Amino acid sequence: MSAPRPDGTGLFIGGQRETGQDVRTGNVTAALAVANIVKSSLGPVGLDKMLVDDIGDVLITNDGATILAQLEVEHPAARVLVDLAQLQDNEVGDGTTSVVIIASELLRRSNELVKSGIHPTTIISGLRTALKEAVKFLKKNMVLKVSELGDEHLINAAKTSMSSKIIGKEGEFFAKMAVDAVKSVKMKATLADTAGMEALEGGGRGDEEAKSESLPSSSSSSGKQRYKYPLSAIHILKAHGKSALESHLIDGGFAINATRAAQGMPTAVEGSVDKPVKIAMLDMNLQRHRMAMGVQIVVKDPAEIENIKKREMDITKERIRKIIDAGARVVLTTKGVDDLCMKYFVEAGIICARRCSKDDLRRLAKATGGKVVVTIADMDGNETFDPECLGSCTAVREERIGDGEMLYIHGCQGNGASTIVLRGANEYMLDEMDRALHDSLCVVKRMLESSTLVCGGGAVEAALSVHLEEYATTLHTREQLAIQEFAEALLIIPKTLAVNAAKDSSELVAKLRAVHARSQKGDADKTLQNTGLDLIEGAIRDNLAAGVVEPAISKIKSLRFATEAAITILRIDDRITLSKDQRQ
């Protein structure tokens, strides 16, 4: 063991060490820097960000998770917030910007408490208590149970989600499309799926706590059949040209970005429900059979060479014949198809497409009830094609979309599938539309699975802030300081919404708090608790009546994730950075 280093770090290894308040302040500053990047993109009048990478590719978006994923964040504490946005995106799909803003504000206020002499452990305990009380109040008073969700609530939730995105102006059109798409992939949930949904709604805590706090719809004691809506079954295709309003949904169908391999093939294959069109999905080459590498054949008679070539062609023909005899009328492969194979398909009147995306074929296999075939060799060493692997649909047509053609598969007879074909002026617009639609699809899925909603526009944050300030005064410990700061931190959402809309945030938030205080003191008017911001008029209103709603799970998850992230960073009081020679 060597003597302590002369640089004053006190370490026996080569590196730098930061401790105490220095490291805490550094972490908070880094977290605030990340939050400030996405802060101006929050809300229906938020602004977009243009991100340019090192090779000049441009990305224009105001989706918090996308912005942070593109940034090369080096600071370890700031990376926690980047991961936080990604987690919110994966779990809920929406609310990525607000979760980062809340986490950074909690950190900033907690750091001020530490500077005032409050121990971090006390603050962490207070934040946990505040979170528990906030979630309890939210589920008891703010969550609205919608037993059989009508399309109106679902469309409102989808419109709220996409109000801040590029397609916000056409919100009605795209919201309807998102709701129809999610409903078209409805499936019965298995016991494992149901347990997963209940864990998500309960929040993954202890059994007793989860039971006491679970969302109103999550009681499985009634034995009611639950349904799931797998978003992986919704295929989104982007095609240049026309306006965004020319986008369309193929209900119960599938579109694949591929064309016929040869002009002689038919442009459409029609069937019916009784006599479906069979589709073969292959993940292998359909090319002339060649001898394996390293195989040498010594030919003495030149005539034998022709026989070898003929046999190679016959092997290929037999493979194609097996696929056709199984009943396939459409063949899609991820690999190549050579001219010889194409000739056989053209003669048989079969549509064949090559170089298809493997992910698309997997989705199509699920949608049509087929399987992706990797090889036609069986266990005995022979070559056979199992008809069970074929998918079924009522029609396959090649249709012109924009500059190219696509294959449309109608009437899929598998587990349900639908495709949304997005139209738009350019690549940037289509990518942003795709991200906006993904968020809306996630919101609709969560609302259908949990059947609960809360009001948006800062209503939840203002109500929780008022309640937590009241609740803090009932405690006789130092934790009440942390709970008061938690209550203040939540107001960052309505404040940021108002600032981004160029309104007077102080006045609007004061009005909002006054209304929620009246509501919680027993005012007869029950609609007061639904009061949120109207950012267009710069006033407050009943946001439930205005249709500004969000899934309850989105709010609960964002509160939980933001608090956990803030606690994770607040617990750090020492940072050791190894020098490069020590890392090797």
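The paragraphs below set out a description of the structure included in this document. Treat the numbers as computed from the prediction; the structure is a model and nothing was measured. (Residues numbered from 1 in each chain as written. Predicted model: local features only at pLDDT ≥ 70, side-chain atom pairs only at ≥ 80, totals over all residues. Heavy atoms only, no water.)

## Some details on empty space enclosed by the protein
At step 1: Evaluated as defined, the whole model comprises 1 cavity of 30 Å³ or more.
At step 2: One number sums up the size of the largest cavity: a volume of about 30 Å³.
At step 3: Lining the largest cavity we find Asn285, Leu286, Gln287, Thr316, Arg319, Ile320 and Cys341.
At step 4: In terms of residue count, the dominant contributor to the lining of the largest cavity is helix H10 (residues 302-325) (3 residues).
At step 5: A per-class count over the lining of the largest cavity returns 3 nonpolar, 3 polar and 1 charged. (1 Å grid on protein atoms, 1.4 Å probe; cavity = no way out; pocket = protein on both sides within 12 Å on 5 of 7 lines; lining within 4 Å. Points joined across faces, edges and corners; volume = space filled by probe spheres on them. Helix = DSSP H or I, 4+ residues; strand = E, 2+ residues; numbered from the N terminus. Nonpolar A, V, L, I, M, F, W, Y, C, P; charged D, E, K, R; others polar.)

## A closer look at the side chain of Thr96
At step 1: Here Thr96 shows up in helix H4 (residues 96-115).
At step 2: A distance of 3.4 Å separates a polar atom in the side chain of Thr96 from the backbone nitrogen of Ala65.
At step 3: If sequence neighbours within four positions are ignored, Thr96 has contacts with Asp63, Gly64, Ala65, Ala85, Gln88 and Asp89. (Polar contact = N/O pair within 3.5 Å; in protein donor to acceptor, adjacent residues only side chain to side chain. Contact = heavy atoms within 4.5 Å.)

## What to know about the nonpolar core
At step 1: In terms of nonpolar packing, the biggest core is built from 72 residues, with Val100, Ile123, Leu138, Leu464 and Leu468 touching the most fellow members.
At step 2: For Val100, the contacting residues outside a window of four places in its chain are Val34, Ala35, Val38, Leu68, Leu81, Leu84 and Ala85.
At step 3: Tyr229, Leu430, Leu448 and Val549 belong to the second largest nonpolar core, which has 32 residues in total. (Core = buried A, V, L, I, M, F, W, Y, C linked by side-chain atoms within 4.5 Å. Buried < 20%, exposed > 50% of the residue type's maximum accessible area, 1.4 Å probe, protein only.)

## Let's talk about helix H7 (residues 171-184)
At step 1: With 14 residues, H7 ought to run about 20 Å at 1.5 Å a step, and its terminal C-alpha atoms sit 20 Å apart, in line with that.
At step 2: Residues of H7 that are buried: Gly171, Phe174, Ala175, Met177, Ala178, Val179, Ala181 and Val182.
At step 3: Where H7 is buried, its residues meet helix H6 (151-162), strand S7 (234-240), strand S8 (248-251), strand S18 (418-424) and helix H13 (427-450). (Expected span 1.5 Å × (residues − 1).)

## Quick look at a negative patch on the surface
At step 1: Negative charge collects at one region of the surface, where Asp53, Asp54, Asp57, Glu72 and Glu74 lie side by side.
At step 2: Considering the arrangement of structural elements, one finds Glu72 in the loop between helix H2 (64-70) and helix H3 (76-91). (Patch = residues over 30% accessible without salt bridge, like charges linked within 9 Å, V, L, I, M, F, W, Y side chains within 5 Å. Areas by Shrake-Rupley, 256 points an atom, 1.4 Å probe, with all protein chains shown as cover. Salt bridge = Lys/Arg side-chain N within 4 Å of Asp/Glu carboxyl O. Lys, Arg positive; Asp, Glu negative; His and termini not counted. Charge placed at Lys NZ, Arg CZ, Asp CG, Glu CD.)

## Re the environment of Thr394
At step 1: By the secondary structure assignment, Thr394 is in the loop between strand S15 (391-393) and strand S16 (395-401).
At step 2: Residue contacts for Thr394: discarding those within four places in its chain leaves Glu270, Gly271, Ser272, Val273, Val277, His410, Gly411 and Gln413.

## Concerning the packing of aromatic side chains
At step 1: Under the definition given, this model contains 1 aromatic pair.
At step 2: Their ring planes at 85 degrees and their centres at 5.1 Å tell us that Phe173 and Phe174 sit as a pair that is edge-to-face.
At step 3: Residue classification places Phe174 among the buried positions, given a relative accessible area of 1%.
At step 4: The cationic tip of Lys186 hangs over the ring face of Tyr227; the distance from NZ or CZ to the ring centre is 4.2 Å. (Phe/Tyr/Trp six-rings, centres within 6.5 Å; stacked < 30°, edge-to-face > 60°. Lys NZ or Arg CZ within 6 Å of the ring centre and 35° of its normal.)

## Regarding the packing of H6 against H13
At step 1: In contact at an axis separation of 9 Å, H6 and H13 are set at 145 degrees when each is read in the N-to-C sense. For the pair H6 and H13, the sense of crossing is right-handed. Counting all contacts with H6, which are made through His153, Leu154, Ala157, Ala158, Ser161 and Met162, the residues of H13 involved are Leu437, Asp439, Ser440, Val443, Val444, Met447 and Leu448.
At step 2: Partitioned by chemical class, the residues of the contact of H6 with H13 number 9 nonpolar, 3 polar and 1 charged. (Axes fitted to C-alpha atoms, helices over the stretch in contact; angles between N-to-C directions. Left-handed = near helix turned anticlockwise from the far one by under 90°.)

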